[in-house]
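Each chain is listed here by its residues.
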Amino acid sequence: HLINARYNQTQLAFWGAPARVLDTMRARPKDHTVTAHGCTALRNLAMGHQENAAALRGLGAKQVLMAATWNFTGDFQVQHWAKAALALVPKPEATLLGLIASELKSELQESEEEEEGTSTKE
């Protein structure tokens, strides 16, 4: 079952399901059915699939899921699935893009420090 689930997650991501779910949730933020099923779908796409979880971060899932919790504060189903999905969306530094950005920032700081050292010697 796990192999099939991972394959399905990969195929759904390949065909753009995460972006489509998020686009629909953005277009209909006050629709309970869309929000509840969207939160559940995003959680299922990210569960045990790091690539999908990282992609959700890049697509702005955190903001959409937070909006879901705000729009449906008294709804257990939305709160539960939105928070479950949020827990799977990685922090910026945990994504590949975040790691690359962190490395570039370090290199830039080193370069600036070297330039400062060169200009004070002149």
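Residues numbered from 1 in each chain as written. Predicted model: local features only at pLDDT ≥ 70, side-chain atom pairs only at ≥ 80, totals over all residues. Heavy atoms only, no water.

Caption draft 1: Region of the structure containing the overall build of the protein. Regarding its fold elements, the protein presents seven helices and zero strands. Tracing the protein from N to C terminus, the helices and strands come up as α-α-α-α-α-α-α. Buried positions account for 28% of the 122 residues belonging to the protein. Partitioning the intrachain contacts of the protein with sequence separation of at least 6 by distance along the chain shows that 68% fall at a separation of at least 24. Counting every atom, the protein has about 8,400 Å² of accessible surface; 59% of that belongs to carbon and sulfur. (Helix = DSSP H or I, 4+ residues; strand = E, 2+ residues; numbered from the N terminus. Buried < 20%, exposed > 50% of the residue type's maximum accessible area, 1.4 Å probe, protein only. Contact = heavy atoms within 4.5 Å. Areas by Shrake-Rupley, 256 points an atom, 1.4 Å probe, with all protein chains shown as cover.)

Caption draft 2: Quick peek at the nonpolar core. Cys 39, Leu 42, Leu 56 and Leu 65 are the most contacted members of the largest nonpolar core, which has 19 residues in total. Those elements that provide at least two residues to this core are α2 (17-27), α3 (32-46), α4 (50-58), α5 (61-71) and α6 (76-88). Looking at which element gives the most residues to this core, the answer is α3, with five residues. (Core = buried A, V, L, I, M, F, W, Y, C linked by side-chain atoms within 4.5 Å.)

Caption draft 3: Inspection of α3 at higher detail. For α3, spanning 15 residues, the distance from its first C-alpha to its last is 21 Å, which sits close to the expected 21 Å at 1.5 Å a residue. Taken together, the buried positions of α3 are Val 34, Thr 35, Ala 36, Gly 38, Cys 39, Thr 40, Leu 42, Leu 45 and Ala 46. Capping the start of α3, Asp 31 holds a side-chain oxygen 3.0 Å from the backbone nitrogen of Thr 33, two or three residues further along. The first or second residue beyond α3 is Gly 48, which carries a positive phi of 70°. (Expected span 1.5 Å × (residues − 1). Polar contact = N/O pair within 3.5 Å; in protein donor to acceptor, adjacent residues only side chain to side chain.)

Caption draft 4: Geometry of the environment of Arg 57. Among the structural elements, Arg 57 can be located in helix α4. Distance from Arg 57 to Lys 91, taken between C-alpha atoms, is 8.0 Å for residues 34 residues apart in sequence.

Caption draft 5: Layout of the pattern of salt bridges. Scanning all chains against the criterion turns up two salt bridges. Arg 26 is the partner of Asp 23 in a salt bridge, and the nearest nitrogen-oxygen pair spans 3.4 Å. On the criterion of helical spacing, the pair formed by Asp 23 and Arg 26 is a turn pair, its members being three residues apart in helix α2. Given a relative accessible area of 46%, Asp 23 falls into the partly exposed group. The closest approach of N and O atoms between Asp 31 and Arg 28, which form a salt bridge, is 2.4 Å. (Salt bridge = Lys/Arg side-chain N within 4 Å of Asp/Glu carboxyl O.)

Caption draft 6: Quick peek at the side chain of His 49. With respect to the element layout, His 49 can be found in the loop between α3 and α4. For His 49, a relative accessible area of 4% puts it in the buried group.

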